[in-house]
Amino acid sequence: MKRLEPLIFELSSSGRTGYSLPALDVPETEQAALLPGVELRDKPAELPEVSEVDVIRHFTRLSQLNHGVDIDFYPLGSCTMKYNPKINEDMAGLDGFAHLHPYVPEEGAQGMLRLMYELQNQLCEIAGMDAFTLEPAAGAHGEFTGIALIRAYQASIGQGHRNVVIIPDSAHGTNPATASMYGCTTVEVKSDHRGGIDLEALRAALDDNVCALMLTNPNTLGLADENIHVIAKMVHDAGGLLYYDGANANGTLGWTRPGDMGFDVLHFNLHKTFATPHGGGGPGSGPVGVKKRLVPFLPVPTAEFDGKRYYLNYDRPQAIGKLKSFFGNVGTFIKAYTYILEMGAEGLKRATEDAVLNANYLMAELKKYYLLPYDRYCKHEFVLSGNWQKQRSGVRTLDISKRTLDFGMHPPTNYFPLIVDEAMMIEPTETESKETLDRYIAILKEIDREATEEPDKVKGAPHTTVVGRLDEIAANRKPNLRWRKEG
Amino acid sequence: MLAAIGAKSIEELFADIAESTRLNRALDLPAPMSESELRRYIGSLAAGNWHVGDYTCFMGGGAYDHYIPAAIKHVFSRGEFYTAYTPYQPEVSQGTLQSIYEYQTMIAELTGMDVSNASMYDGATSTAEAIVLSVITNKRTHVVMSHGLHPDIRSVCGTYTHGQGVTIDEAPVTAEGTTDLEKLAELVTDKTSCVIVGYPNFFGTIEQLAEIAKIAQAKGAIFVVHAHPIALGILKPPGELGAEIVVGEGQPLGVPLSFGGPYLGYFACLEKFQRRIAGRLSGMTTDTRGQRAFVLTLATREQHIRREKATSNICSNQALCALMACVYMSLMGKEGIREVANQCLQKAHYAQKQIAALPGFEPVFTGPFFNEFAFRTPKPPAMIQAALAERKILGALDVGRLYPEYQGVASFAVTEKRTKAEIDDLVAALEVVSK
């Protein structure tokens, strides 16, 4: 039986400790004497006073309140919650990687640098790009890097005035937020009836101020844009560049490459496509690849090889600067590198095919019970609408998702993309068996039945989770973001 | 499955990929390896690296070899934590949400701030986000930053804010190793959005926060401090010395060195900024059954709602690293965090004194330091570094590679992990290798 857990502060007992430190074996001097003129803490930080067993039990119990890929199905659309092979974790945990200081002399990091260099090259081959930086820590961080690279390149050819970023209405929220962070204005173009970019709307948006088009392909509807080569030509002819948001790369990897579609810059999410774990919200990794003309602007350093030794190259005068301390989320690189080596070319392509097969199978079975607004083959994910249920009994997508929790599975991404009413974005990934998919279909079929026959059961869900629905309005109105000791 | 779909082949499902963009060949990648082959091959890449389990580490410069309690790995290796994602469904994410809430509380306690977010990519990006928060708060676009902040932090802040028209001036460092307050006061004007210094800075020196706060406040600028979290075990928290935003690199709090990442940036501030803070926040609320529970909150700041008007494009934190830090701070507790900080201080001062007695080693700065210090060396730092490595010691970080004006300067960091014997070995080795 799962139970809520007290806060660690509420477990605290004065004088109890859970640490183990070596003896202070150098002569001790009064702190004030060592730090003349420095103001010292006069009361200790109110950290908990608990033993190691208290800590282990507390966090073990907390872990039991979570859903993860290791527990059951997690079809969160556009997040690619695939299984993360355990060997990846073991490799990243090797002493020679996990306990390597970033400023160790290059001679003492040759294996590490070789791994980074090879990963850069593998990603180039997979993406059809000429060079990669591994520095960005997440997809959104990669997007930011990409727009910075495009603007630096354009400034170098006298096109620095270009500051309009075109974004389809199906895009992730990070795309417009990224463009704004880099001082660009955004123009939204609508999708056509097939779910792709409306070419007329795109044509109308293209002018001499266009910096770039940011595109996710397959898009957030899970649909590949059949016109991608036409779109690329239109944008290039207008003097803009194309940015590929790799969030959905799991839908076409090995079949086509962003570089061959005409994209100039892209990021991959190693935590999606390359099977590194999501960690409860990070760390991820968002390496950025570019075509030749943008290479000089990549952030410093890049991992390179001079034929004898691997080294970090800081000597790149046109670089946009750094995006992150040191060299990026290296632990994540190791997991992705392990994955690529384990899969090989055939395995990666097969993963894409299985992801697409799983998604189309789920879509074909679920469209019997739920509205499918764009009815054509999808790639790795698809979007249903809860509109039939809403019209029938007022049961909304949120209710359907909460009811799914009662069956032990994670719901899809809700209310996104914005262009679909009551959206449910479902991405099964390639690592799920047909049995799991069938179990999920049976659950959604049952919830559809309930929505008609016992709508209140769905509207009141979840019933079996450790907490019920939360009062988010109260949380917003009067934020309580920390515990405080009473008195 | 194909029959249920109504497709004849897998290929049919890919018909929408335009022929001209298809990759009609296999990717050119190495042949797949089995687990045992992977272990052998990747193990060989790891084996040659000079890691701190095998070498005695006196290197710092933003990443520190603190002891990582065994319990941490056992917690973060639980699949329930590391195979979850951002807690969008709070009913099945209370583990992540509550641990973030606890983390936020501990960071706020340590820094003397009201609130903390759920963490950011690293200390450098947290600092850049502090600039963004300052700029949107007071609508000023000029920033004054100490030259004593790590070069990576300064570079990241430049890259991050370049597109928003922010200009950054750097205040120089004096012979004491601290920010030149006179120059700082000249640079800060009523157009300055924020003032940022390290506590301690890259050289290990401890800045006079109260003085700097006065300079910032006199012009209405926001005072931002980048602090080493372990130092806050004994130093007065920046919040009590006039800081309004405190950020820093959370790696020392139980996160493996991992060649520079993943780490976590912590970000704490006064309550008045909480509705503009970037990144995720976990808040306490109640559920339909009247129970206390936690949820991601103040989401209207964020990109998935605000899109181009969001405070930041961030849609993740470094949750797993924040969990490591949370477990670390829980284990160390009220007393342990003080003791670990004191040991760093005592051992670093012991080491500095011994090295200062060696011929040819001159301390570069005279100001008070925490666990890191710099020396002008009798031979080039790179040469000393290599000679130490032969003795399985990592040290003598070549400061000149990061600060061109400090050629011939090496820095050393000492953590609680180092023993007196190891420090004495370092000193003996330095004496030999610099002859």
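Residues numbered from 1 in each chain as written. Chains lettered and ligands numbered in written order. Predicted model: local features only at pLDDT ≥ 70, side-chain atom pairs only at ≥ 80, totals over all residues.

## Notes on the overall build of chain A
Now for step 1: The number of helices and strands found in chain A is 16 helices and twelve strands.
Now for step 2: Relative to a compact globule of 487 residues, whose C-alpha radius of gyration would be 23 Å, chain A shows 25 Å and is just as compact.
Now for step 3: The buried share of chain A, taken over its 487 residues, is 60%.
Now for step 4: Counting only contacts in chain A whose residues sit at least 6 apart along the sequence, the fraction spanning at least 24 positions is 72%. (Helix = DSSP H or I, 4+ residues; strand = E, 2+ residues; numbered from the N terminus. Rg over C-alpha atoms; globule rule 2.2 N^0.38 Å. Buried ≥ 20, exposed ≤ 12 C-beta atoms within 10 Å, placed from the backbone. Contact = placed C-beta atoms within 7 Å.)

## What about the overall build of chain B?
Now for step 1: Scanning chain B from N- to C-terminus turns up 14 helices and 15 strands.
Now for step 2: For 435 residues, the compact-globule estimate of 2.2 N^0.38 gives 22 Å, and chain B sits close to it at 24 Å.
Now for step 3: Seen through its C-alpha atoms, chain B measures out along the principal axes to roughly 85 × 55 × 50 Å.
Now for step 4: Counting over 435 residues, chain B shows a buried share of 63%.
Now for step 5: Expressed as a percentage of contacts within chain B between residues at least 6 apart in sequence, the contacts between residues at least 24 apart total 73%.

## Digging into the packing of helix α6 (residues 94-111) of chain B against helix α12 (residues 319-356) of chain B
Helices that pack against each other are described as a pair by the angle of their axes relative to one another and the distance between those axes.
Residues and elements named next belong to chain B.
Now for step 1: The contact between α6 and α12 brings their axes to 9 Å, and the two run at 60 degrees. The orientation of α6 with respect to α12, classified from their angle, is oblique. Seen along the crossing, α6 lies across α12 with a hand that is left-handed. On α12, the residues touching Thr96, Ser99, Ile100, Glu102, Tyr103 and Met106 of α6 are Ala319, Ala322, Leu323, Ala325, Cys326 and Met329. (Axes fitted to C-alpha atoms, helices over the stretch in contact; angles between N-to-C directions. Parallel < 35°, antiparallel > 145°, perpendicular 65-115°, else oblique. Left-handed = near helix turned anticlockwise from the far one by under 90°.)

## Digging into α6 of chain B
Now for step 1: Here α6 of chain B contains 18 residues, and its C-alpha end-to-end distance of 25 Å stays within 8% of the 26 Å for a straight helix at 1.5 Å per residue.
Now for step 2: One or two residues past the end of α6 of chain B sits Gly112 of chain B, with phi positive at roughly 75 degrees. (Expected span 1.5 Å × (residues − 1).)

## Describing the pairing of strand β15 (residues 409-413) of chain B
Residue and element names in this part refer to chain B.
Now for step 1: In terms of burial, β15 is a largely internal element, five of the five residues being buried.
Now for step 2: Of the two faces of β15, the one lined by Val409, Ser411 and Ala413 and the one lined by Ala410 and Phe412 are each fully buried.
Now for step 3: Note: strand β12 (residues 372-376) against β15, five bridges, orientation antiparallel. Considered in β15, the bridge of Phe373 is made with Phe412.
Now for step 4: In this structure, strand β14 (residues 397-398) lies alongside β15, joined through two bridges in antiparallel fashion. (Pairing = 2+ DSSP bridges.)

## Brief notes about the nonpolar core
Now for step 1: Residues Leu149 and Tyr243 of chain A together with Val195, Val224, Ala325 and Val327 of chain B are the most contacted members of the largest nonpolar core, which totals 305 residues.
Now for step 2: Filtering out sequence-adjacent residues up to four positions away, Leu149 of chain A remains in contact with Val265, Val290, Leu294, Phe297, Leu298 and Ile320 of chain A. (Core = buried A, V, L, I, M, F, W, Y, C linked by C-beta atoms within 7 Å.)

## Quick look at the interface of chain A and chain B
Now for step 1: Tallying the contact residues gives 165 residues for chain A and 161 residues for chain B.
Now for step 2: It is helix α11 (residues 330-366) of chain A that contributes the most residues to the side of chain A that touches chain B, 20 residues altogether.
Now for step 3: Residue composition of the side of chain A that touches chain B, by class: 86 nonpolar, 50 polar and 29 charged. (Nonpolar A, V, L, I, M, F, W, Y, C, P; charged D, E, K, R; others polar.)

## Quick word on the domain arrangement of chain B
All names here are of chain B.
Now for step 1: When the domains of chain B are assigned, the result is domain 1 (56-68 + 333-433) and domain 2 (70-327).
Now for step 2: Distance from the C-alpha centre of domain 1 to the C-alpha centre of domain 2: 27 Å.
Now for step 3: Between domain 1 and domain 2, the residue contacts involve 28 residues of the former and 26 residues of the latter.
Now for step 4: For the side of domain 1 that touches domain 2, the element with the highest residue contribution is α12, accounting for seven residues.
Now for step 5: A class-by-class count of the residues in the side of domain 1 that touches domain 2 yields 17 nonpolar, eight polar and three charged. (Domains from an automatic or database assignment.)

## Considerations on the sheet that holds strand β7 (residues 245-249) of chain B
All names here are of chain B.
Now for step 1: Pairing is mixed in the open sheet, where seven strands are placed in the order β2-β8-β7-β6-β5-β3-β4. A strand with exactly one partner marks an edge of an open sheet, and here the two such strands are β2 (115-116) and β4 (167-171).
Now for step 2: By the bridge criterion, three bridges tie strand β6 (residues 222-227) to β7 in an arrangement that is parallel. Paired with His226 across the strands is Val247, a residue of β7.
Now for step 3: Lying on the sheet, helix α7 (residues 123-138) is in contact with β3 (142-146), β5 (192-199), β6, β7 and β8 (265-269); it crosses β7 at an angle near 160 degrees.
Now for step 4: Running at roughly 160 degrees to β4, helix α8 (residues 151-161) makes contact with β3, β4 and β6 of the sheet.

## With respect to the sheet that holds β14 of chain B
Now for step 1: Overall, antiparallel pairing links the four strands, which are arranged β11-β12-β15-β14 (chain B) in an open sheet. The strands lining the two open edges of the sheet, one partner per strand, are β11 (362-363) and β14 of chain B.

## Points about the confidence of the model for chain B
Now for step 1: The predicted model of chain B has a mean per-residue pLDDT of 96, with 99% of residues at 70 or higher.
Now for step 2: The complex prediction reports pTM at 0.97, with the ipTM value standing at 0.97. (pLDDT = per-residue confidence, 0-100.)

## Quick look at the packing of helix α2 (residues 52-63) of chain A against α6 of chain B
Now for step 1: For the pair α2 of chain A and α6 of chain B, interaxial distance at closest approach is 7 Å and the crossing angle is 135 degrees. By the criterion of interaxial angle, the relationship of α2 of chain A to α6 of chain B is oblique. In this structure, α2 of chain A uses Phe59, Leu62 and Ser63 of chain A to contact α6 of chain B, whose residues at the interface are Gly95, Gln98 and Ser99 of chain B.
Now for step 2: Here the contact of α2 of chain A with α6 of chain B is composed, by residue class, of two nonpolar, four polar and no charged.

## Here we look at helix α13 (residues 381-390) of chain B
Residues and elements named next belong to chain B.
Now for step 1: Taken together, the buried positions of α13 are occupied by Pro381, Ile384, Gln385 and Leu388. Viewed along the axis of α13, the buried residues span an arc of 100 degrees, placing them on a single side of the element.
Now for step 2: Looking at the buried side of α13, the elements it contacts are β13 (393-394), β14, β15 and α14 (420-433).
Now for step 3: Backbone geometry just downstream of α13 places Lys392 in the positive-phi region, at approximately 60 degrees. (Arc of directions from axis to C-beta.)

## Details of unusual backbone geometry
Residue and element names in this part refer to chain A.
Now for step 1: The step from Gly282 to Pro283 runs through a cis peptide bond, and the omega angle for that step is 5 degrees.
Now for step 2: Structurally, Pro283 can be placed in the loop between β6 (265-268) and β7 (288-290).
Now for step 3: Following Phe416, the chain continues into Pro417 via a peptide bond in cis, with omega recorded as 0 degrees.
Now for step 4: Positive phi outside glycine occurs at Tyr415, with the angle close to 55 degrees.
Now for step 5: Within the secondary structure, Tyr415 is located in the loop between β11 (413-414) and β12 (423-426).

## Looking at the domain arrangement of chain A
All names here are of chain A.
Now for step 1: Partitioning chain A into domains gives domain 1 (87-342) and domain 2 (349-473).
Now for step 2: Relative placement of domain 1 and domain 2: their C-alpha centres are 30 Å apart.
Now for step 3: At the junction of the two partners, domain 1 supplies 17 residues and domain 2 supplies 18 residues.
Now for step 4: When the residues that make up the side of domain 1 that touches domain 2 are grouped by side-chain class, the tally is six nonpolar, ten polar and one charged.

## Regarding the environment of Lys353 of chain B
Now for step 1: Here Lys353 of chain B shows up in helix α12.
Now for step 2: Once the C-alpha coordinates of Lys353 of chain B and Val427 of chain B are considered, the two residues, 74 residues apart in sequence, prove to be 10.0 Å apart.

## Observations regarding the environment of Leu181 of chain B
Residues and elements named next belong to chain B.
Now for step 1: Within the secondary structure, Leu181 is located in helix α9 (residues 181-187).
Now for step 2: Taking the C-alpha atoms as reference, Leu181 lies 30 Å from Gln343; in sequence the two are 162 residues apart.
Now for step 3: When sequence neighbours within four positions are dropped, the list of residues in contact with Leu181 reads Glu211, Ile212 and Ile215.

## A word on the environment of Ile153 of chain B
Now for step 1: Secondary-structure assignment places Ile153 of chain B in helix α8.
Now for step 2: For Ile153 of chain B, a count of 29 C-beta atoms within 10 Å translates into the label buried.
Now for step 3: Contact partners of Ile153 of chain B, with chain neighbours within four places excluded, come to Ser325 of chain A together with Gly123, Ala124, Thr127 and His226 of chain B.

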